[in-house]
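# Secondary and tertiary structure notes
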Amino acid sequence: MAKTATKVSKKAPAKKAAAPKAAAKAKTAKAPAKAATKKASAKTAVKKTAKSSAATSSPILTLRHIAERLSELHEVPKRQANEMMGQVIEIIAKSLKKGDKIRLAGLGILQVRKRAARMGRNPQTGEPVKIKASKKIAFRAAKDLKDSI
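Residues numbered from 1 in each chain as written. Predicted model: local features only at pLDDT ≥ 70, side-chain atom pairs only at ≥ 80, totals over all residues. Heavy atoms only, no water.

## Some remarks on the overall build of the chain
- Within the chain one finds four helices and five strands.
- From first element to last, N terminus to C terminus, the chain shows the α and β order α-α-α-β-β-β-β-β-α.
- When burial is assessed residue by residue, the chain has 10% of its 149 residues classed as buried.
- As displayed, the chain offers around 13,300 Å² of accessible surface, 61% of which is attributable to carbon and sulfur atoms. (Helix = DSSP H or I, 4+ residues; strand = E, 2+ residues; numbered from the N terminus. Buried < 20%, exposed > 50% of the residue type's maximum accessible area, 1.4 Å probe, protein only. Areas by Shrake-Rupley, 256 points an atom, 1.4 Å probe, with all protein chains shown as cover.)

## Observations concerning the sheet that holds strand E2 (residues 108-115)
- The strand order across the open sheet formed by three strands is E1-E2-E5, and the pairing between neighbours is antiparallel. Edge positions in the sheet fall to strand E1 (102-104) and strand E5 (134-141), since each has one partner strand and no second. On average, each strand axis in the sheet is inclined to that of its neighbour by 25 degrees, with strand direction left out of account.
- Seen against the sheet, helix H3 (residues 78-98) touches E1, E2 and E5 and runs at an angle of roughly 40 degrees to E2. (Pairing = 2+ DSSP bridges. Axes fitted to C-alpha atoms, helices over the stretch in contact; angles between N-to-C directions. Contact = heavy atoms within 4.5 Å.)

## Thoughts on H3
- The end-to-end C-alpha distance of H3 is 31 Å, a good match for the 30 Å that 21 residues give at a rise of 1.5 Å each.
- Looking only at H3, the buried set comprises Ala81, Met85, Ile92, Ser95 and Leu96. Buried residues of H3 fall within an arc of 100 degrees about the axis and therefore sit on the same side. Residues Arg79, Ile91, Lys94, Lys97 and Lys98 are exposed on H3 and point more than 90 degrees away from its buried face.
- In this structure, the buried residues of H3 make contact with helix H2 (63-74), E1, E2 and E5.
- One or two positions beyond H3, positive phi appears at Gly99, with a value near 105 degrees. (Expected span 1.5 Å × (residues − 1). Arc of directions from axis to C-beta.)

## A short note on the side chain of Ser71
- Mapped onto the elements of the fold, Ser71 is located in helix H2.
- Each residue touching Ser71, except ones within four places of it in the same chain, is listed here: Val76, Pro77, Lys78 and Ala81.

## Quick look at a nonpolar patch on the surface
- Together, Leu104, Leu107 and Phe139 give the surface a local cluster of nonpolar side chains, amounting to about 240 Å² of exposed area.
- Relative to the elements of secondary structure, Leu104 occurs in strand E1. (Patch = residues over 30% accessible without salt bridge, like charges linked within 9 Å, V, L, I, M, F, W, Y side chains within 5 Å. Salt bridge = Lys/Arg side-chain N within 4 Å of Asp/Glu carboxyl O.)

## Notes on the packing of H2 against H3
- Orientation of H2 relative to H3, taken along the N-to-C sense of each, is 125 degrees, at an axis distance of 8 Å. Looking at the two axes, H2 sits oblique to H3. Considering how the two elements wind past one another, H2 and H3 form a crossing that is right-handed. Packed against H2, whose contacting residues are Leu63, Arg64, Ile66, Ala67, Glu68, Leu70 and Ser71, the element H3 presents Lys78, Ala81, Asn82, Met85 and Ile89 at the interface.
- Its residues placed into classes, the contact of H2 with H3 shows seven nonpolar, two polar and three charged. (Parallel < 35°, antiparallel > 145°, perpendicular 65-115°, else oblique. Left-handed = near helix turned anticlockwise from the far one by under 90°. Nonpolar A, V, L, I, M, F, W, Y, C, P; charged D, E, K, R; others polar.)

## Here we look at the side chain of Ser95
- With respect to the helices, strands and loops of the structure, Ser95 is situated in helix H3.
- Filtering out sequence-adjacent residues up to four positions away, Ser95 remains in contact with Asp100 and Ile102.

## Here's the deal with the confidence of the model for the chain
- Scored by pLDDT, the chain has a mean of 76; 61% of the residues are at 70 or more.
- By mean pLDDT, helix H1 (residues 2-55) is the weakest element of the chain at 49, and strand E4 (residues 128-131) is the strongest at 96.
- Below pLDDT 50 for its whole length, residues 5-10 participates in zero contacts with residues either more than four positions away or in separate chains. (pLDDT = per-residue confidence, 0-100.)

Given below as structure tokens:
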């Protein structure tokens, strides 16, 4: 019994070593055909996930999802709802560029905060590095939102 077990273990690595060489030859000869099938399978996978995510609620809520819900609630075409959402985003962006605070009742406050120049450290070398002054967008959630979550 022990002799047959050793013979099997000797044959298995030989097959594994031969398989990559054959696969490499097949890849070079059929690379364009395989690439096309990979793209086709990726597209079908995306379509399948899109259908399954439409059936169940997605963990990520996008602007498109919000626009679709608004179009259903207000009986407006989806295209018009998408345009309205895009315009809302543009208005918010322009206001933030000016330096305005944006207060959305029940949601929170968006504002631009200035970060002063400071000294930091390169984590690889530990060498001190100057970090330039910058601006960032800050969001402060409303109390109602915090309590509801």
